[in-house]
Amino acid sequence: MENKVLKNDKIKSIEKAVDLLELLSDNKKEMGITEIGKELHMGVSTVYRILTTLKCRGYIVQNQQTSKYMLGVKLFVLGCKVQNTTNLVKMITPFLQRLSQNTNETINFAILEGREAIYLFKIESKEMLKAGIELGTKVAAHCTSLGKVLLAFLPEQEFMILYPNENEKLPTFTPNSISSVEELKKCLKKIKKQGYAIDEEEFKTGVNCLGVPIINNEGKVIAAISISGPVSRFNLLKIEKTKSMLIALSQDISKQLLNSM
């Protein structure tokens with residue numbers, strides 16, 4: 001799946017806001033509106049509107065004495081979240097490498113963002129025929145084992161915010177894809193009870209996946225890992241034989257997280 005952005009698809013106002021944030025991050029001192037406009041070749045009114053918007057969201061703060069601007073704490077919070085994810089990947093990598101060696105299939109790691117699972121790490125199978133998704137790809141959560149696991153363990157209130165209408169039809173990618181919120185809820189109830197999810201050619205025809213949650217020291221599911229492979233090799237019989245190993249590995253990771261706190 002390609003993530004190429006066409007030139008015409010770019011939103012100029014967002015580009016300008018990002019340019020402004022990057023300028024402030026490169027400068028160690030506060031900057032005024034006129035100074036920012038000069039550096040970025042923007043009109044003062046444009047700079048003011050962008051700063052006001054970012055200030056309201058906490059990404060920019062203004063020094064009331066100098067009236068100049070600097071980066072806000074919100075960016076620091078986002079950075080911490082990224083760092084936490086990076087640290088988590090670093091910590092679980094040995095576990096995933098062991099899983100890769102034992103299964104010889106592709107291993108994936110993802111987190112949930114809204115209705116989508118974002119693939120942040122993977123170890124590819126060494127087999128000629130392999131199944132995997134490009135890093136950074138966002139996939140509809142309801143049609144992957146990783147996504148379904150992450151949705152299954154969401155607090156009910158958070159799930160209802162994402163899927164408020166039980167009669168809503170969901171996008172499908174293969175004939176096996178879950179097609180409604182009502183169907184999804186029934187599926188997630190079973191997944192939560194059994195502790196794992198199977199994607200049986202629900203996102204890609206010819207590809208099966210088995211996913212389990214990663215639980216932190218607070219008992220919250222923060223990510224998920226999965227094994228994916230071609231149906232010809234990673235069939236339901238192989239999944240049945242593999243699931244106890246994957247569940248055990250998930251529990252080992254959760255214990256490691258508990259002990260590291």
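Preceding block: the structure.
Remember, it's a predicted structure, so these values are computed and weren't measured experimentally. (Residues numbered from 1 in each chain as written. Predicted model: local features only at pLDDT ≥ 70, side-chain atom pairs only at ≥ 80, totals over all residues. Heavy atoms only, no water.)

Below, the discussion takes up the overall build of the protein. Looking only at helices and strands, the protein features 8 helices and 8 strands. Dimensions of the protein, computed from C-alpha atoms along their principal axes, come out at roughly 65 × 40 × 40 Å. Within the protein, the proportion of its 261 residues that are buried is 40%. Considering only residue pairs separated by 6 or more positions, the protein has 56% of its internal contacts joining residues 24 or more positions apart. Here the protein carries 36 positive and 28 negative side-chain charges, and the mean point of each set is 3 Å from the other. (Helix = DSSP H or I, 4+ residues; strand = E, 2+ residues; numbered from the N terminus. Buried < 20%, exposed > 50% of the residue type's maximum accessible area, 1.4 Å probe, protein only. Contact = heavy atoms within 4.5 Å. Lys, Arg positive; Asp, Glu negative; His and termini not counted. Charge placed at Lys NZ, Arg CZ, Asp CG, Glu CD.)

Across all of its chains, the model carries 1 cavity of 30 Å³ or more by this definition. The space that makes up the largest cavity amounts to roughly 130 Å³. Around the largest cavity, the lining is made up of 15 residues, and of these Y119, I133, V207, C209 and S228 lie nearest the centre. Class assignment of the residues belonging to the lining of the largest cavity gives a composition of 7 nonpolar, 6 polar and 2 charged. (1 Å grid on protein atoms, 1.4 Å probe; cavity = no way out; pocket = protein on both sides within 12 Å on 5 of 7 lines; lining within 4 Å. Points joined across faces, edges and corners; volume = space filled by probe spheres on them. Nonpolar A, V, L, I, M, F, W, Y, C, P; charged D, E, K, R; others polar.)

Moving on, we get to the layout of surface pockets. Roughly 250 Å³ of internal volume is contained in the second largest pocket. Around the second largest pocket, the lining residues are L151, A152, L154, P155, E156, F159, M160, K185, L188, K189 and K192. By residue number, the principal contributor to the lining of the second largest pocket is helix 7 (residues 181-194), which donates 4 residues. Residue composition of the lining of the second largest pocket, grouped by class: 7 nonpolar, no polar and 4 charged.

Function cannot be read off these values alone, since they describe shape.
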